[in-house]
Structures are given as structure tokens and as C-alpha cells.
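Here's the letter readout for the chains.
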Amino acid sequence: MWIYEKKLQYPVKIKNPNPRYAQIIISQLGGPDGELAAATRYLNQRFSMPYQEVIGILTDVGTEELAHVEMIGAILYQLTRNLTEEEISRSGFDKYFVDHTTGVYPVAAAGVPFDAKYIGVKGDVFADISEDLAAEQKARVTYDNLLRLIDDPDVRDPLRFLRAREVVHYQRFGDALRCAQDHADCKNFYAYNPAFDTPKKAR
Amino acid sequence: MNSANEQSRLLRRINALSFALVETNLYLDGHPTNRAALDYYRSTYGEYQKLKEEYESKYAPLTATAGESDTEWKWVREPWPWEIGFPEAGAAAPTKPLYGDD
């Protein structure tokens, strides 16, 4: 089960609201490579994972992703406070505003609502870990693209922190892959699926 | 009582206390000055902490922060809660009523 800590993992203090930025950053909440997809992907992959170390990585990275969902929410909240109706119309935020006002609803930057299609749970050790490695890289690229488009240092600072976490998580999933390979048949990694074909055993 | 039963009994007690804390937490969120609930929370939390420490020192970490030891990271050395082999939290009845006698 989970316990909540009443703090952000990294502080978010944005002086100037900017609904244009909010419209693109929201992809890291409800988009294909966003934090919500990440948390859902890792926490669900745990159940078919046969290796203690990999379950630990999925649990702890998945839990950190929930903290990142909260950080993105905090960024969106601060970027959309005290808006005038004119600012809403002029920035293009009106299309989101009409359905959600300034509530935080998980959509991609282009307005597509969050979808479980963004996550993969294949129930195969190597397929799932490879998915996770790719997911971290795709999330890193999304932060890179956001950082290309955003000038405000108050907004860039937490985004850069989150980008760095994608890089670290990629490395940790590299550990997970190595761990799974250490358990595999050395002549043929893909001779069988350890998540399905062999009985689970705690090491 | 063997050690596995002892572990299950302790875990069941911790589970009951942590559930009581969740319930009281939710109630207090809407009634933040309720004296009886505050007292109940404090005494339950004290007992929960004591038993959690006992469980973690005798058996296994319940949170990652209790996973360190001199020789290894115990967090990934014990079964996960959905796995066969995780101690049965429902194996034994609690030794005393959870909500008092009334």
C-alpha cells in the first residue's frame, strides 16, 4: 500500500502564469510518454515480474513517477492561476478551458485524453523491461522538446529536474535488464519467458 | 507458535492498526478538532509504530527506508505482498479487540 508525503519531490515556484506553456507541459501528465503512463506502466508490470531486484526497481521508480504526476499538476496549477478571459482566449487555452476550466485533467498537448494505449504490459520479462527503457528515453525527449520551447527559468528549473530523472531511470532499467539477463539461458535469452514458463521463486 | 505464525500474527495486528489509522485520518480530515478522534489517533499511532519497528527488526522491511542492513539491501530480499510466500496477514485472530470494548 502507499503513504503520502505532503511535499513535492522538487519545489515548483512559478511567478508568472502562462497558459500557453501549460498547454504543452500537460502532455507530461496525460500524453503518450507522460508521468501518469509511466507510473501505471511500471506498477502494473510488477505482478508478472519474477525477479526480486526488478520488482524493487519497478515499485520504486513507479512510486517516484506518482510524485512526478504531482509536480506536473503543480506546474499546471501555477501556470493557469489568475487568468483573465482575454488571456485565455488569446493564448489558445480557451479550447481546454471550455471543458475543464482551470482544473487539471490528463490530456496530451494536442488535447487527446489519457489512454491506457500509452502503456505496454506484455507479461514478458525482456519485452517489458525494453518497453521501460524506451519509455524513459521518450519522456526525456519530450522534456527536451519542452525545454526548447520554454524560456521562463521558473518553469525550466523543475522541468530540468524531471528530465534528469528520466536519464537516471533509464540507467536503473539498464540494471533491471542486466539482472534479467543474468537469470536467462546464456545460449538463448529468448528460449523461454521467465515470467510465464518457469515457476516463480524468490531468490 | 512457530516463527511463520508469529510473523503473520504480528503483520495482521499491524495491518489492523494501520487500517484504523487510515479510517481515523479520513474522519479527522473532515473533523480536524474532534478530541476523541485525536486521542484515538495518537494512541493507535504509538502502538502501530512500536509493532512496525518490532516487525522490521525481526522479519522484513515494510518500507524501503527500513531496508538497509550491514551486508545487503533487504528491500529486495523478501517476498512482495502479492507473491506466494508472503506472510499470511489473515492467519490468526487479533489478540484483543481493535475498537475497545463498547
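1. Some details on the overall build of chain A
Looking only at helices and strands, one finds 8 helices and 0 strands in chain A. When the helices and strands of chain A are placed in sequence order, the string is α-α-α-α-α-α-α-α. Judged by the C-alpha coordinates and their principal axes, chain A covers about 65 × 35 × 30 Å. Among the 203 residues that make up chain A, the fraction classed as buried is 35%. Pairs at least 24 residues apart make up 78% of the contacts formed inside chain A by residues separated by at least 6 positions.

2. So, the overall build of chain B
The secondary structure content of chain B amounts to 2 helices and 0 strands. The buried share of chain B, reckoned over its 102 residues, is 9%. Contacts in chain B between residues at least 24 apart in sequence constitute 59% of all its contacts with a sequence separation of at least 6.

3. Regarding helix α7 (residues 125–149) of chain A
Under the 1.5 Å per step criterion, the end-to-end length of α7 of chain A is 37 Å for 25 residues, consistent within 8% with the ideal 36 Å. Those residues of α7 of chain A that are buried lie in contact with α1 (19–25), α2 (27–30), α3 (35–45) and α8 (153–183) of chain A.

4. A word on the interface of chain A and chain B
Residue-level contacts link 8 residues of chain A with 9 residues of chain B. Tallied by class, residues from the side of chain A that touches chain B come to 3 nonpolar, 2 polar and 3 charged.

5. Some words on the nonpolar core
Residues and elements named next belong to chain A. Ranked by size, the top nonpolar core spans 43 residues in total, and within it Ile25, Val54, Ile75 and Leu76 carry the most contacts. Considering every element that reaches this core, the biggest residue donor is helix α4 (residues 52–79), with 11 residues. Leaving out residues up to four positions away in the same chain, Val54 has contacts with Met49, Ala176, Cys179 and Ala180.

6. Quick word on the packing of α3 of chain A against α7 of chain A
Residue and element names in this part refer to chain A. As a packed pair, α3 and α7 sit with axes 11 Å apart at the nearest point and diverge in direction by 165°. When the axes of α3 and α7 are compared, the pair comes out roughly antiparallel. Handedness of the α3/α7 crossing: left-handed. Residue-level contacts link Ala38, Arg41, Tyr42 and Gln45 of α3 to Asp128, Asp132, Ala135 and Ala139 of α7. Of the residues belonging to the contact of α3 with α7, the class tally is 4 nonpolar, 1 polar and 3 charged.

7. Some words on the environment of Ala4 of chain B
Residue and element names in this part refer to chain B. Looking at the secondary structure, you find Ala4 in helix α1 (residues 3–30). Among the residues examined, Ala4 registers 12 C-beta atoms within 10 Å and is labelled exposed. Once the C-alpha coordinates of Ala4 and Ser57 are considered, the two residues, 53 residues apart in sequence, prove to be 15 Å apart.

8. Examining the environment of Phe97 of chain A
Within the element layout of this structure, Phe97 of chain A appears in helix α6 (residues 94–100). A sequence separation of 14 residues divides Phe97 of chain A from Leu83 of chain A, and the C-alpha atoms of the two residues are 11 Å apart.

9. Concerning unusual backbone geometry
Residue and element names in this part refer to chain A. Although it is not a glycine, Asn82 adopts a positive phi angle of roughly 55°. Its place among the elements puts Asn82 in the loop between α4 and α5 (85–91). Here Asn82 falls in the exposed class, since 7 other C-beta atoms lie within 10 Å of it. In this structure, Thr101 is a non-glycine residue whose phi angle is positive, near 55°. By the element assignment, Thr101 lies in the loop between α6 and α7. The class for Thr101 is exposed, based on 10 C-beta atoms found within 10 Å.

10. Regarding the packing of α4 of chain A against α8 of chain A
Residues and elements named next belong to chain A. At a minimum axis distance of 11 Å, the contact between α4 and α8 shows a crossing angle of 165°. With respect to their mutual orientation, α4 and α8 come out roughly antiparallel. Handedness of the α4/α8 crossing: left-handed. Along the contact surface, α4 presents Glu53, Val54, Ile57, Val61, His68, Met71 and Ile75, while α8 presents Val155, Pro158, Leu162, Arg165, His169, Arg172, Phe173, Asp175, Ala176, Cys179 and Ala180. Taken together, the residues of the contact of α4 with α8 sort by class into 12 nonpolar, 2 polar and 4 charged.

Scoring rules and cut-offs
Residues numbered from 1 in each chain as written. Chains lettered and ligands numbered in written order. Predicted model: local features only at pLDDT ≥ 70, side-chain atom pairs only at ≥ 80, totals over all residues. Helix = DSSP H or I, 4+ residues; strand = E, 2+ residues; numbered from the N terminus. Buried ≥ 20, exposed ≤ 12 C-beta atoms within 10 Å, placed from the backbone. Contact = placed C-beta atoms within 7 Å. Expected span 1.5 Å × (residues − 1). Nonpolar A, V, L, I, M, F, W, Y, C, P; charged D, E, K, R; others polar. Core = buried A, V, L, I, M, F, W, Y, C linked by C-beta atoms within 7 Å. Axes fitted to C-alpha atoms, helices over the stretch in contact; angles between N-to-C directions. Parallel < 35°, antiparallel > 145°, perpendicular 65-115°, else oblique. Left-handed = near helix turned anticlockwise from the far one by under 90°.

Honestly, that's just the spatial picture; any functional story needs more than this.
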